[in-house]
Amino acid sequence: MVRNISKFRKDLSVATIASMLSFIISLALAPVMSRWYEPADYGTFAVINNIATFTATLMLFSLPNALPMELNWHRRVQLLRALAFLAVFAFLVSALGVIVFLVLDGLFNGFDNTEWAFLLLPLLVFAIALHRISQGWANADGAFLQMAKARVVHPLIAKPFAISASMLSSSNPVYLVVFEVAGYLVQAYLMLKGRFCQLKWRGIYFSKRRMQTILGVIKRHRDFSLFLNFVHLLALGFIMMQTVILSLNYTTNETGLYTLAMSMTSLPIQLIAMATASIIYHKLIHIAKNTPELLFKKTILILVGFITLGVVPYFVIYVFGPELFGFVFGKGWSESGTVASLLALPLFLGFLLMPISSVFRVTKTIKLQFIIDFVFIIPIVVIFYIVSCSIPFYDALKVLALAMSLHGLSVILLALYVTWNTSQQAFKAKSREIV
């Protein structure tokens, strides 16, 4: 037990250090990028990136999350082969979709320079899919050191090369997409290194038997492919709809301001909460299996730890957002700091939720998470669209921030209830065994 705790702390420390390095690199390079790229470039990249992330999640059915739960090697291999096929299929479907969109748009509206960036969307879809698969596999093997190295590599590739390309030619969202793809592919390589050969790969091909096998894998992991996938799609669709609604009802410049604010304010989520979430998920699987009576206590400890980690940066953003963004990114970006200040509370709650959200998976209550997300997210999108049609930009964001905060708090409370209920049932079962 002591050894397991020591390993858990070591893995958590490695992930946290890697995340902090990645955070420092991203933060240090962000002011340089904001001086070489326009808000409109960020807005275009945000739309492409959100669509690619949504498509990759949709086509993979959230099955990479099932890899750590699949302890049987033969069944894990089946799952990995199915995921590889789905990644290639996602690339083909998105490529067809982009070609149809660009042809129709070109016929009716003509092309502009930014639309050519959409040609890269299928590559980004494939890169994200491959990254998700490799991360799930590395997590299943407990290869957290490799995951940590991969996390640091991404900003070292995506940002410096994008900055260099803009310096050598001109500002263009194409560069942001190209080097985002490169960052994901290198990450996947680092996490797949030494693993890919274990599959004894048979190639990608379409056949009736292959389709039956993949459908069987999807059905076997229906909690992930159905409810968890819906949860992820709701979350990603919500993010995507925010940028779409902003681009429809406001200017591209305001969409870019919002994009920078979201990307900077969510850095603690991306680089700390998401980085440690895989380790916490790995740990909670063992707790739920071996000592479920401790699940509530451990979840509370994790939540308190993340409150301690997140309260300072999000409080600073909330109070000093405009001044901080104006100083770091230039005076032209101080309005983005105002947006970040408005989003500080809901993103802080998202920071707290990320590591403990895996309790729904380990307790097989993903359906509950889907229900509460569905109840909140659909009305929030509708309300945000309606208010954005009639009120100023910042007022619409205040409404959005309040609704997002209520949603985040509700899911956190539901997660705590689920773990409390699981622990109580385990205590009762133990008491009956003693009697």
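Anyway, here's the lowdown on the structure attached to this text. (Residues numbered from 1 in each chain as written. Predicted model: local features only at pLDDT ≥ 70, side-chain atom pairs only at ≥ 80, totals over all residues. Heavy atoms only, no water.)

### Concerning helix α6 (residues 173-192)
Note on helix geometry: an α-helix contains 3.6 residues per turn, so any two residues three or four positions apart are oriented the same way.
Right, so step 1: Helix length check: α6 (20 residues) gives 29 Å between terminal C-alpha atoms against 28 Å at 1.5 Å per residue, within 8%.
Right, so step 2: Of all the positions in α6, only Pro173, Leu176, Val177, Phe179, Glu180, Val181, Gly183, Tyr184, Gln187, Ala188, Met191 and Leu192 are classed as buried.
Right, so step 3: Of the residues that open α6, the one with a side-chain oxygen 2.9 Å from the backbone nitrogen of valine 174 is asparagine 172.
Right, so step 4: One or two residues past the end of α6 sits glycine 194, with phi positive at roughly 85°. (Helix = DSSP H or I, 4+ residues; strand = E, 2+ residues; numbered from the N terminus. Expected span 1.5 Å × (residues − 1). Buried < 20%, exposed > 50% of the residue type's maximum accessible area, 1.4 Å probe, protein only. Polar contact = N/O pair within 3.5 Å; in protein donor to acceptor, adjacent residues only side chain to side chain.)

### Details of the packing of helix α9 (residues 252-265) against helix α12 (residues 334-356)
Right, so step 1: Close contact between α9 and α12 brings their axes to 8 Å; oriented N to C, the two are set at 45°. Looking at the two axes, α9 sits oblique to α12. The handedness of the crossing between α9 and α12 comes out as right-handed. Side by side, α9 and α12 meet where Leu257, Tyr258, Leu260, Ala261, Met262 and Thr265 of the first sit next to Glu335, Ser336, Val339, Ala340, Leu343, Ala344 and Leu347 of the second.
Right, so step 2: Classifying every residue of the contact of α9 with α12 gives 10 nonpolar, 2 polar and 1 charged. (Axes fitted to C-alpha atoms, helices over the stretch in contact; angles between N-to-C directions. Parallel < 35°, antiparallel > 145°, perpendicular 65-115°, else oblique. Left-handed = near helix turned anticlockwise from the far one by under 90°. Contact = heavy atoms within 4.5 Å. Nonpolar A, V, L, I, M, F, W, Y, C, P; charged D, E, K, R; others polar.)

### Brief notes about the packing of aromatic side chains
Right, so step 1: Per the stated rule, a full pass over the model turns up 11 aromatic pairs.
Right, so step 2: Their ring planes at 75° and their centres at 6.3 Å tell us that phenylalanine 91 and phenylalanine 126 sit as a pair that is edge-to-face. Note that phenylalanine 91 is positioned in helix α3 (residues 73-109) and phenylalanine 126 in helix α4 (residues 121-140), a separation of 35 residues in sequence.
Right, so step 3: With relative accessibility at 27%, the residue phenylalanine 91 sits in the partly exposed group. (Phe/Tyr/Trp six-rings, centres within 6.5 Å; stacked < 30°, edge-to-face > 60°.)

### A closer look at the pattern of salt bridges
Right, so step 1: The final tally for this structure, using the stated rule, is 1 salt bridge.
Right, so step 2: Linking arginine 76 and aspartate 141 is a salt bridge whose minimum nitrogen-to-oxygen distance equals 3.1 Å. Of this pair, arginine 76 sits in helix α3 while aspartate 141 sits in the loop between α4 and α5 (144-168), and the two are 65 residues apart along the sequence.
Right, so step 3: What makes arginine 76 buried here is its relative accessible area of 7%.
Right, so step 4: A residue is classified by how much of its surface remains accessible, and aspartate 141, at 35% relative accessible area, is partly exposed. (Salt bridge = Lys/Arg side-chain N within 4 Å of Asp/Glu carboxyl O.)

### Structural notes on helix α2 (residues 39-60)
Right, so step 1: Over its 22 residues, α2 extends 31 Å from the first C-alpha to the last, a length consistent with the 32 Å expected when each residue adds 1.5 Å.
Right, so step 2: For α2, the buried fraction is high: 18 of the 22 residues fall into the buried class.
Right, so step 3: Directly after α2, the chain includes phenylalanine 61, whose backbone phi takes a positive value near 60°.

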